[in-house]
Amino acid sequence: MKIVIRNNSNEGSLWAAHYIARKINEKAARTSEPFVLGLCTGSTPIGTYAELIRMVKAGEVSFKNVISFNMDEYVGLPVDHPESYHSFMHTYLFDQIDEPAENIHILDGNAKDVEAECAAYEEAIVKAGGFDLFLGGVGEDGHIAFNEPFSSLSSRTRVVTLTQDTREVNARFFEGDYNKVPKQALTVGVATVLSSQEVVILAFGSKKARALKDAIEGPMSHYCTLSGLQNHPAGTIVCDEAAVGELKVSSYRYFKAVEAAEKF
């Protein structure tokens, strides 16, 4: 596991955006096969998406040969609802880049058969060639996507019931009303994320410090689904100083020393 520590969330967001763009460009230089990218929502990736938009407009990277799959979507929330993840992704990324509409995949939380929708999503990922890189965030309790604590580390795309803690955290997007937050969601599984050739997780702010401590220094456990990244050959957590506030001093020094010894 690699930990990239930056002074603040802005610096971390820029690092992630440039890393993703570099990976897209590197694959484009060696093959005509599409770059398959996993994407997340929430406030954490907004800075990364803003920099990717700038880079696309500046001609520094193109999404014309990128196929993307989003992590999750609420069940029962209209696609055009301002807090649906369809709306989020189009507002903060898709409407401002050159990715073809047919290459964009987001789970349908209004599907008549949500189980079939989840199975078809997994099949579509395989058909696309599997993930080259998955960009994710982490919840305050250490969950990735909507894989709440005690989700199986071998889980795949499925329907999940959201915990009270997650709904309370997300209530800020629903006028502060916990009761307006959907009770269920469709989500890729932990194993779906970890099947990617590379995984990059963003974690900014002191509220994520406990999650990072558990994921980095604790045992690999379904209690903290991010901890599954410990077993990934190319897993990276991009964080700011506040998010590593609960790591041991020796751990912090180790990751800073490794980072200083490596080039971007």
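Heads up: the structure comes first, above all this text.
Remember, predicted model here, so these are calculated numbers, not experimental data. (Residues numbered from 1 in each chain as written. Predicted model: local features only at pLDDT ≥ 70, side-chain atom pairs only at ≥ 80, totals over all residues. Heavy atoms only, no water.)

**Student:** With reference to specific residues and values, describe the packing of helix α1 (residues 9–30) against helix α2 (residues 46–57).
**Tutor:** Orientation of α1 relative to α2, taken along the N-to-C sense of each, is 50 degrees, at an axis distance of 8 Å. As judged from the angle between their axes, α1 and α2 are oblique. Every pair of crossing elements has a handedness; the one defined by α1 and α2 is right-handed. On the side of α1, the interface is formed by Ser 13, Leu 14, Ala 16, Ala 17, His 18, Ile 20 and Ala 21, while α2 contributes Gly 47, Thr 48, Glu 51, Leu 52, Arg 54 and Met 55. A breakdown of the residues in the contact of α1 with α2 according to their chemical character gives seven nonpolar, four polar and two charged. (Axes fitted to C-alpha atoms, helices over the stretch in contact; angles between N-to-C directions. Helix = DSSP H or I, 4+ residues; strand = E, 2+ residues; numbered from the N terminus. Parallel < 35°, antiparallel > 145°, perpendicular 65-115°, else oblique. Left-handed = near helix turned anticlockwise from the far one by under 90°. Contact = heavy atoms within 4.5 Å. Nonpolar A, V, L, I, M, F, W, Y, C, P; charged D, E, K, R; others polar.)

**Student:** Tell me about the layout of surface pockets, and please be specific about residues and values.
**Tutor:** Approximately 780 Å³ is the volume found for the largest pocket. Those elements that provide at least two residues to the lining of the largest pocket are β4 (72–74), α3 (85–92) and α5 (164–170). Residue contributions to the lining of the largest pocket peak at five residues, all from α3. For the lining of the largest pocket, the class distribution of residues is 16 nonpolar, 14 polar and eight charged. (1 Å grid on protein atoms, 1.4 Å probe; cavity = no way out; pocket = protein on both sides within 12 Å on 5 of 7 lines; lining within 4 Å. Points joined across faces, edges and corners; volume = space filled by probe spheres on them.)

**Student:** With reference to specific residues and values, describe the sheet that holds strand β9 (residues 198–203).
**Tutor:** As summarised here, the arrangement of the seven strands in space is β1-β10-β9-β6-β2-β3-β5, forming an open sheet in which the pairing is parallel. Sheet topology places β1 (2–6) and β5 (104–105) at the edges, where each strand pairs with a single neighbour. Note: β1 against strand β10 (residues 235–240), five bridges, orientation parallel. For Lys 2, the partnering residue across the bridge sits in β10 and is Thr 236. (Pairing = 2+ DSSP bridges.)

**Student:** Give a description of the nonpolar core that names residues and reports values.
**Tutor:** Judged by nonpolar contacts, the single largest core of 69 residues is most densely connected at Tyr 49, Phe 63, Leu 212, Leu 226, Ile 237 and Cys 239. With seven residues, α1 is the largest single contributor of residues to this core. Leave out the neighbours within four places in its chain, and Ile 237 touches Met 1, Lys 2, Ile 3, Val 4, Ile 201, Ala 203, Leu 212, Ile 216, Leu 226 and Leu 229. Ranked by size, the runner-up nonpolar core spans 10 residues in total, among them Phe 146, Val 160, Phe 174 and Val 181. (Core = buried A, V, L, I, M, F, W, Y, C linked by side-chain atoms within 4.5 Å. Buried < 20%, exposed > 50% of the residue type's maximum accessible area, 1.4 Å probe, protein only.)

**Student:** Run through the side chain of Asn 147, naming residues and quoting values.
**Tutor:** Note on placement: Asn 147 falls in the loop between β6 (133–137) and β7 (158–161). The exposure class of Asn 147 is buried, given its relative accessible area of 0%. Side chain to side chain, Asn 147 and Arg 158 meet in a polar contact 2.8 Å long. Apart from residues lying up to four places away in sequence, Asn 147 is in contact with Ser 155, Arg 158, Thr 187, Val 188, Gly 189, Val 190 and Thr 225. (Polar contact = N/O pair within 3.5 Å; in protein donor to acceptor, adjacent residues only side chain to side chain.)

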